[in-house]
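# Structure assessment
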Amino acid sequence: MIPAIKIEQVQKHYGNLQALRGIDLAIEQGEFFALLGPNGAGKSTLINLLAGLIRPTSGRLSVMGFDVQTQYRQARHTLGVVPQELVFDPFFNVREMLRFQAGYFGLGPENDAWVDEIIECLGLADKAHTNMRKLSGGMKRRALIAQALVHKPPVIVLDEPTAGVDVELRQMMWEFIKRLNREGHTIILTTHYLEEAETLCSRVAMMKQGQIIALDSTANLLKKIPGKNLRLKLSAALPETLRPLLRHEEGNEYMLALTEVAQVERVLSQIREANIVVEDMQLIEADLEDVFVDLVGQP
Amino acid sequence: MNLISREMRGPWTLFKKELLRFWRVSFQTVAAPVMTALLYLLVFSHVLEGRVQVHGVNYTSFLIPGLIMMSVLQNAFANSSSSLIQSKVMGNLVFVLLTPISYLEFFLAFLAAAIARGLVVGVGIYLVVILFIDLPIIHPLMVLAFTILGSALLGAFGIIAGMWADKFDQMAAFQNFIIMPLSFLSGVFYSIHSLPPFWQEVSHLNPFFYIIDGFRYGFFGVSDMSPAVSLSIVALSFFAIAWLALHMLKSGYKLRG
Ligand SMILES: Nc1ncnc2c1ncn2[C@@H]1O[C@H](COP(=O)(O)OP(=O)(O)O)[C@@H](O)[C@H]1O
Ligand SMILES: [Mg+2]
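Residues numbered from 1 in each chain as written. Chains lettered and ligands numbered in written order. Predicted model: local features only at pLDDT ≥ 70, side-chain atom pairs only at ≥ 80, totals over all residues. Heavy atoms only, no water.

## Observations concerning the confidence of the model for chain B
Here is the rule we go by: Summary of the metric used: pLDDT quantifies the predictor's per-residue confidence within the range 0 to 100.
Averaged over every residue, the pLDDT of chain B is 93; residues scoring 70 or more account for 98%. Confidence metrics for the complex model read pTM 0.90 and ipTM 0.93.

## Considerations on the pattern of salt bridges
Put simply, the rule reads: Only one rule defines a salt bridge in this text: a Lys or Arg side-chain nitrogen within 4 Å of an Asp or Glu carboxyl oxygen. Helix and strand labels come from DSSP, where a helix needs a run of H or I of at least four residues and a strand needs a run of E of at least two; each type is numbered from the N terminus.
Across all of its chains, the model carries 19 salt bridges over all chains by this definition. When the shortest N-O distance is used, the salt bridge between Glu160(A) and Lys43(A) registers 4.0 Å. Taken together, the positions of Glu160(A) in the loop between β7 (155-159) and α6 (167-182) and Lys43(A) in helix α1 (residues 43-51) put the pair 117 residues apart, joining distant regions of the chain. A salt bridge links Glu96(A) to Arg24(B); the shortest N-O distance between them is 2.4 Å.

## Remarks on the coordination of the magnesium ion (ligand 2)
Residues and elements named next belong to chain A. Definition in use: Donors, by definition, are the N, O and S atoms found within 2.8 Å of a metal, the threshold being 3.2 Å for Na, K and Ca, and water is not counted, so a site can look incomplete. Buried residues are those whose accessible area, probed at 1.4 Å on protein chains only, stays under 20% of the maximum for their type, while exposed residues exceed 50% and partly exposed ones sit between those limits.
Distances from the magnesium ion (ligand 2) to its protein donors, Ser-44 (OG) and Gln-84 (OE1), fall within 2.0 to 2.2 Å. Here Ser-44 is found in helix α1, whereas its partner Gln-84 is found in the loop between β6 (79-82) and α3 (94-104), with 40 residues between them in sequence. For Ser-44, a relative accessible area of 21% gives the class partly exposed. With relative accessibility at 29%, the residue Gln-84 sits in the partly exposed group.

## Structural notes on the interface of chain B and chain A
Convention followed: Contact criterion: two residues are considered in contact whenever any of their non-hydrogen atoms come within 4.5 Å of each other. Note: buried area is the sum, over both parts, of the accessible area (probe 1.4 Å) each one loses when the two are combined. In protein, a polar contact means a hydrogen-donor-capable atom and an acceptor-capable atom, both N or O and within 3.5 Å, with residues adjacent in sequence counting only if both atoms are side-chain atoms; elsewhere, any N or O pair within 3.5 Å suffices.
At the junction of the two partners, chain B supplies 31 residues and chain A supplies 31 residues. Together, Phe95(B), Leu98(B) and Pro100(B) form the three largest contributors to the area buried by chain B at its contact with chain A, with a combined 26%. Where chain B touches chain A, the interface holds five salt bridges. With a closest N to O distance of 3.8 Å, Glu110(A) and Arg6(B) form a salt bridge. Applying the counting rule to chain B against chain A returns 17 residue pairs in polar contact (both at pLDDT 80 or more).

## Description of the site of ligand 1
Residues and elements named next belong to chain A. Condition: Distances are taken per atom, and a residue is near a molecule or strand as soon as one of its heavy atoms is within 4 Å of it. Here, Shrake-Rupley sampling with a 1.4 Å probe gives the accessible areas, and only protein chains in the shown set may cover a residue. Three residue categories are used. Nonpolar comprises Ala, Val, Leu, Ile, Met, Phe, Trp, Tyr, Cys and Pro, charged comprises Asp, Glu, Lys and Arg, and polar comprises the others, including Gly.
Taken together, the neighbourhood of ligand 1 is formed by Tyr-14, Leu-17, Ala-19, Pro-38, Asn-39, Gly-40, Ala-41, Gly-42, Lys-43, Ser-44 and Thr-45. Ala-41 places a main-chain nitrogen or oxygen 3.2 Å from an oxygen atom of ligand 1. Between ligand 1 and the protein, one listed contact pairs an oxygen atom with a side-chain N or O atom of Ser-44 at 2.8 Å. Across the complex, the protein chains shield 60% of the 560 Å² of accessible surface that ligand 1 would expose by itself. Contributions of two or more residues to the shell around ligand 1 are made by β2 (17-27) and α1. Looking at which element gives the most residues to the shell around ligand 1, the answer is α1, with three residues. Its residues placed into classes, the shell around ligand 1 shows five nonpolar, five polar and one charged.

## Section: the pairing of strand β8 (residues 186-191) of chain A
The side chains of a regular strand alternate, first on one face of the sheet and then on the other. All names here are of chain A. Put simply, the test is: Note on pairing: DSSP must find at least two bridges between two strands before they are called paired. Here the term right-handed applies to a crossover when the path leading from its first strand over the helix to its second strand runs clockwise, the strands being oriented away from the viewer.
Counting buried residues along β8, six of its six residues qualify, which places the element largely inside the surrounding structure. The side-chain alternation of β8 yields two buried faces, one formed by Thr-186, Ile-188 and Thr-190 and the other by Ile-187, Leu-189 and Thr-191. Bridging between strand β3 (residues 32-36) and β8 involves five bridges; their strand directions are parallel. In the sheet register, Leu-36 faces β8, and the bridge partner there is Thr-191. Here β7 pairs with β8 via five bridges, running parallel. The partner of Val-157 across the bridge, within β8, is Ile-188. At this point the chain moves from β7, through α6, to the parallel β8, and the crossover so formed is right-handed.

## Describing the packing of α3(A) against helix α1 (residues 6-24) of chain B
Quick reminder of the rule: To obtain each axis, a line is fitted to C-alpha atoms, and for helices this fit is confined to the stretch in contact; angles are then taken between N-to-C directions over 0 to 180 degrees. For classification purposes, an angle smaller than 35 degrees is called roughly parallel, one larger than 145 roughly antiparallel, one from 65 to 115 roughly perpendicular, and anything else oblique.
Two elements in contact, α3(A) and α1(B), have axes whose closest approach is 7 Å; the angle formed by their N-to-C orientations is 150 degrees. It follows from the interaxial angle that α3(A) and α1(B) lie roughly antiparallel. Of α1(B), the residues touching α3(A) (which contributes Glu96(A), Phe100(A), Gly103(A) and Tyr104(A)) are Arg9(B), Gly10(B), Thr13(B), Leu14(B), Lys17(B), Leu20(B) and Arg24(B). For the contact of α3(A) with α1(B), the per-class residue count stands at four nonpolar, three polar and four charged.

## Some thoughts on α1(A)
The element α1(A) is largely enclosed, with a buried count of seven among its nine residues. For α1(A), the set of buried residues is Lys43(A), Thr45(A), Leu46(A), Ile47(A), Leu49(A), Leu50(A) and Ala51(A).

## A short note on the domain arrangement of chain A
Condition: Domain start and stop positions are those given by an automatic or database domain assignment.
Per the domain assignment, the segments making up chain A are domain 1 (5-222) and domain 2 (225-296). Of note, the centres of domain 1 of chain A and domain 2 of chain A, computed from C-alpha atoms alone, are 36 Å apart.

## Points about a negative patch on the surface
Cut-off, in case you're wondering: Candidate patch residues must exceed 30% relative accessible area and have no salt bridge, after which like charges are joined if within 9 Å and Val, Leu, Ile, Met, Phe, Trp or Tyr side chains if within 5 Å. For the charge count, each Lys or Arg is scored as positive and each Asp or Glu as negative, with His and the chain ends excluded. Just so you know, the charge point we use is NZ for Lys, CZ for Arg, CG for Asp and CD for Glu.
Taken together, the side chains of Glu250(A), Glu253(A), Glu279(A) and Asp280(A) define an acidic patch exposed on the protein surface. Residue position: Glu253(A) is located in strand β13 (residues 253-258).

Here you go:
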C-alpha cells in the first residue's frame, strides 16, 4: 500500500538556521500518528512543507504517493491541514467560508450536504451564520478544523489543535477525530502534550532541533521515557537511593521522574523505610522539555 | 455554477469570493469613490468652467472622463493589493495556498475581480454624472477597451504591490508615492500640451497618460495621441506588469517561503 505520507531526506534552512536537518519518515494509511516535540523543534515546518506552504531546501515529500511539488494538485486534494495559528477571513460567516473553501477544491453545490454535516458534527450549527470575526477562540478552532475537511481529504494534519482549547471542546474534538480515523482517514497531529499522544495515537515521532530523535509505537516509547513527574514535599531530605530519579529540588520539595505509575509504590516505600513523612504529593504529566532532556541525555 | 467546469471551479470560486469581498463593503469601495469623483468635478468645474477649453471641448466635459478613469485605476489597484496584503497580514491567505489552485489561476481570479471593481466604479460615476451633464460616448468600444486594459494593468500592479508589502504602511507608501503621482500627472485635469516641454516629455513616460488620453478619445473623438498608439502602449504595459506578477507568483515570492 502507498504510504499516506512519505518524507525523504528533507532539510529546510532559513539562512543559517537549520530548521530541519534531514528528516526521513513514512506514515501508513489509517495511522493515528503524533509528532511530538518542544517549541522550535520543527513540527510546523514539516507540516508546512507537506502542505506546500514552504519549499524544502532539499529532499522530497509526498502525500498518498503524490509529490507535493511536482504533483501539487493531487497532493493537495488528498491533504487537509489545520494550521497552528487561529487564522480566519473576517469578511465571511462560517458557512460561506466553508463553501468557498470547498469551491477552491473544485467542489460545487453537490458538496453542500457534507459541509452542513461537518458544521453539525463540530457543534458549529448555531454559529453557521456568524461572521468569523465574532467567533470565540474555541469556535474559530472548530471552524479551522471544518475548513480542513471540506474536500474529504484522506490525510488530515492538525498542528497543535488543542492549544488554548478548553477541556470540553478538547473531548469533543477528539471524539470527532477518532471517528474520522475509524472511517479510514489517516490522522497526523502535533502536540506538546504527551498525554494526548498517549491516549490517541498508535505511533509517535519525537522531534528535537530539526531531527527525529525517537520513532516508535506509543506503547514502546512510553516505556522508555519518564513521562510522569512525582512531586513530593518531605519532612526530611530525600533518601540517597532515590536521587537518580531527581529532576528538580527546592528546599524539601522534590520532583522525581517516573516512567510508570507503578513506580510510585516503590518510591513511597523507600521513603517510609527512611522514616521520612510525606507532607504533600502530586503525580503530574511531565513537561516535554524535561522528557527531552532525559532522552537526549541517555547514552 | 453548473456552467463552470469542475476544473475551473477553483479559480471561479476565488473570483466570486474576491467580488463579494468588495461588494460587501460597497459603501467604502464603490459609493465612496463615486462621491470623491463628484466632489472633484464640482470644485474644478466650478472654478475653471468657461475659462478653459481643451480640444474645443468645454472644461467640465473634458474633466469627466479623466476623473472616471482615475477612479477606475485607483480602485482596480486597491482591490487586488488590499485583498492580498490583508489576507497576508491576517494569515488567511493560507486557505487559498492550501488548495490546488495554480499560480496562474490565482492571478486570473484576482485580476478579474480588480477589473470588475474598476468597471463598477467607472459605470457608477458615469451614471451619476449623466444625471447632471450631457456626455455622449462617440466610440463605446474604445471606452470599454481602455477601461478593461487600464483596470487590468492596475489590478496586476496591485498584485505585485500586495505580494511585496509586508505591512499596511508599506502599502500606503506604494499608494501615495507611486499610484497617486502617476494618476495626478497623467493629464486628468489638463491637456499635456498646456505643459512646458520638459513635463510633456515626462508625461509621455507615464502609462496612465495613455490610458486617460485613449479613454477620453472614446468620449470625444479627439485626443493628444493617436488612440491606436495609446492602446498598444497600454497593452504592452499590461503584458510587462502581468509577466512580472506571474513570475513573482510562480516563484512563490513572500507567499511560499
Ligand atoms: N519563516 C521562518 N523564518 C525563519 N525561521 C523560521 C521560520 N519558520 C520557522 N523558523 C524557525 O524554525 C524552527 C522550527 O520552527 P517550527 O517548525 O515552527 O517549530 P515547532 O512547530 O516545532 O514549534 C524554529 O527555530 C523557528 O524559529
Ligand atoms: Mg509549531
